[in-house]
Amino acid sequence: MLASIQQRKSASTAKGNEAAVPKVPAALPDSPAGFWLDAHYDPVANLKAFSTCLHTCDLYGDGDWRLAVAGLEKKLKVWKGTQMASEHTLVDIPSAATSFYADVQTPRIPALAVSVGPNVFIYRNLRPYFKFTLPPETVSDVEKTVWQQLYAGSLSLAQARQTLHKLSTGSTPVTSCTTELQDLNEAGQEADLDMLSKQYKGEPPVQQTIITCMTTVKKAYDEDDAVSCLVLGTESGQVMVLSPTANMVTHHWQLRQHVPAFLCASGLLDVEHRVAIATRHGKVVLMKNGAVTSTIHLDALPLGIARSHKGFLVGCTNSTVQYFNLKGKRSFCVNLPSPILAMHGLETAQQKISKCLVVSLANGLFLVVGDPLHRARPPTPHPPRSLTTTPYTSPLPSRYVCESTFSAGDLRVYNEQHLVSVTKFESPVNAMTFGKFGREENTLVSITRTGGLDVKILPRTAKLDGGSSVTGPPPEQDIPLDIPKRTAVYIQQVTTSDTTSQCVSAEIEQVPVASQYIAHHTEQTEREKANAVDIHNTFQQELVQLRLATAKAYMKVMTDGQGATSTSTASSASLTLNATVSGLGPAFKLTLELCNNGSQPILGAALVLLYNKQMYSAQHDQRQLPVLLPALQYHFDIRIHCLDPEAGVDVVKILMHSSKSAVPLLSALVKMPLSEFEEE
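### Overview of the sheet that holds strand 3 (residues 66-70)
With antiparallel pairing, four strands are arranged side by side in an open sheet as 2-3-4-5. The outermost strands of the open sheet, each flanked by one partner alone, are strand 2 (54-57) and strand 5 (83-89). For this sheet, the mean inter-axis angle between neighbouring strands, taken without regard to orientation, is 20°. Here strand 2 runs beside strand 3; their pairing, made up of four bridges, is antiparallel.

### Details of the pattern of salt bridges
Using the criterion set out here, one finds 14 salt bridges in the structure. One salt bridge connects Asp621 with Lys613, and the closest N-O pair in it is separated by 2.9 Å. Bridged by salt links that share partners, the residues Asp38, Asp454 and Lys456 form one connected network.

### What about the packing of aromatic side chains?
Tallied over the entire structure, the rule returns three aromatic pairs. Between Trp36 and Phe434, the ring centres sit 6.4 Å apart and the planes meet at 70°, which makes this aromatic pair edge-to-face. Note that Trp36 is positioned in the loop between helix 1 (2-10) and strand 1 (37-42) and Phe434 in strand 29 (residues 429-437), a separation of 398 residues in sequence. As far as the burial class goes, Trp36 and Phe434 line up, both buried. Ring centres 5.8 Å apart and planes at 25° place the aromatic pair Phe312 and Phe324 in the stacked group. Taken together, the positions of Phe312 in strand 19 (residues 311-316) and Phe324 in strand 20 (residues 320-325) put the pair 12 residues apart, joining distant regions of the chain. Phe324 sits in the buried class, given a relative accessible area of 3%. Sitting over the ring of Tyr129, Arg124 keeps its end group 5.4 Å from the ring centre.

### Structural notes on helix 3 (residues 157-169)
Helical geometry: 3.6 residues make up each α-helical turn, so side chains three or four residues apart lie on a common side. For helix 3, which comprises 13 residues, the first-to-last C-alpha distance of 18 Å matches the rise-based estimate of 18 Å (1.5 Å per residue) to within 8%. Taken residue by residue, helix 3 has Leu157, Ala160, Arg161, Leu164 and Leu167 as its buried positions. Seen along its axis, helix 3 keeps its buried residues to an arc of 125°; they face one direction. What points out from helix 3, more than 90 degrees from its buried face, is the exposed set Ala158, Lys166 and Thr169.

### Overview of the environment of Leu47
Tracing the backbone shows Leu47 in the loop between strand 1 and strand 2. C-alpha separation for the pair Leu47 and Ala70, spaced 23 residues apart in sequence, amounts to 9.1 Å. When residues no more than four places from it in sequence are discounted, the contact partners of Leu47 are Val69, Lys77, Trp79, Ile447, Gly451 and Leu453.

Rules used throughout
- Residues numbered from 1 in each chain as written.
- Predicted model: local features only at pLDDT ≥ 70, side-chain atom pairs only at ≥ 80, totals over all residues.
- Heavy atoms only, no water.
- Pairing = 2+ DSSP bridges.
- Helix = DSSP H or I, 4+ residues; strand = E, 2+ residues; numbered from the N terminus.
- Axes fitted to C-alpha atoms, helices over the stretch in contact; angles between N-to-C directions.
- Salt bridge = Lys/Arg side-chain N within 4 Å of Asp/Glu carboxyl O.
- Phe/Tyr/Trp six-rings, centres within 6.5 Å; stacked < 30°, edge-to-face > 60°.
- Buried < 20%, exposed > 50% of the residue type's maximum accessible area, 1.4 Å probe, protein only.
- Lys NZ or Arg CZ within 6 Å of the ring centre and 35° of its normal.
- Expected span 1.5 Å × (residues − 1).
- Arc of directions from axis to C-beta.
- Contact = heavy atoms within 4.5 Å.

Right, dumping it as structure tokens:
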């Protein structure tokens, strides 16, 4: 189907075929021509899904690959070519969708797996085939005993709540029924307890977890239609590998205090396999054959993970893509101009080595929801995803539905750290997948922010190596330099032999001023040749001492709070504060970027500004801070007005303190710029 559309589009120069070409989103003038071929665009497809719920597979084994979209509207939609073939209802909002081969029977027909809550629904020939439910979690014996005594009447409600409260405040996880019991109101507890007892029917408490992410891993052979196994990540920090028939758990790994958000598996399950797990707390856990090899602490929360030929790539909320090798060492980091919306690995059918990455960015202007004038505001280096966010009640509590709208988006292709192409979209791309679709081998299927479905084809002649990926010396080194006449005479004096000394002397006589200069540098050259090792060692020692002195001075400025950047590494907290001043005056804006680098949240913190009251006035001298969660960056803006521009400049000291200690957590010193005079 896509091949026929491709042929019709190539013949669209004729007037008779112009009406048959599907409408595609208009590309901006700086879009590279010829990298992606526009195959299909449906602006009214009304699709809402994440990249993990977008998948293409050969559902019927006929070689015609179809698109399966598990959307937020609790619908499983299947597209064949440019038309929607079928639609199926789901019981809840899905978290992931993928396909796998469960057996070796012919014809080779894969099974479609959709994870919803604690269940994995498996379809064969687009018909419900099997449902796998996660096993319940282990409940402590103390909690079971308390509930049994409460149902039997031997334990009062107050005593049960007190015992369960002590149990929940410790390190032992509790079930949802225990949490509901603690939330009961003081009034009407007996009625609520009866309702709770009828709900659970007097049975012992059972805790059921949910699936947050899902992927597949090959079992014994590295082939396209080889038998695969499902890999699941749960809300309770577990990673499970199911059997090929998806009816039992064959491998089970528990991650301590880590909730998997994205999974990336490679290798063979029966030989050697690796699993990269991007967690919700800003860490990446690497596992090899079931054992944790390393844990990576990211600078920001992850937004996606993709496999590469010698490692994996992680997209973060700070608009960066970081590349890590299999041992967990970061090789490079790509800074992007806009926030990341979606990312996917690009693995062509000709070579089964994934070297490239497709990244969707959100840029342009955004409209503030609720603004009566709908004023368009320029983008910031880190524009907010939403000014009024609505919690998204789904198995993934870390995701939100954004109400702000970006006017345009970029689709970039990277080969490692080299940019290959940039494609402009009128609407940002929220979800994407790359692979086979229809009869085409290399197809990019994407869903835009407005719900449109866009299909692009990668030409077989596309160059994915990148223009800047050529290694070796630059071509500028072959261009000769313009050497001064005195330097040329000096080089000739040093390099020529005794037989040409007379010619050199004749040239020196033409430049009598350079004779002493040449003699001095000749002696210096001979001295450097004789003492080359000692000179090099002395230079290295002085260089190391200079670096050490610079590092000590920088650390002293950061720890003492005498600069715009301050760091606190106390035992109670680990914080980083960066302050910048913008404006010409007399009105300034002080922007504070605060980050909690520790592992525990910080409660009850506040910011205090100390400055000269006769020169400046601040909008808020004190500011109570919200709960500072780990690995999140907080931005605060404070308006400062210069009262007397003629008085010069002064400093503003920023203190962050907590109610638990009289010693400030950190401090920073900001030097205010010279203010302009206010126009009358």
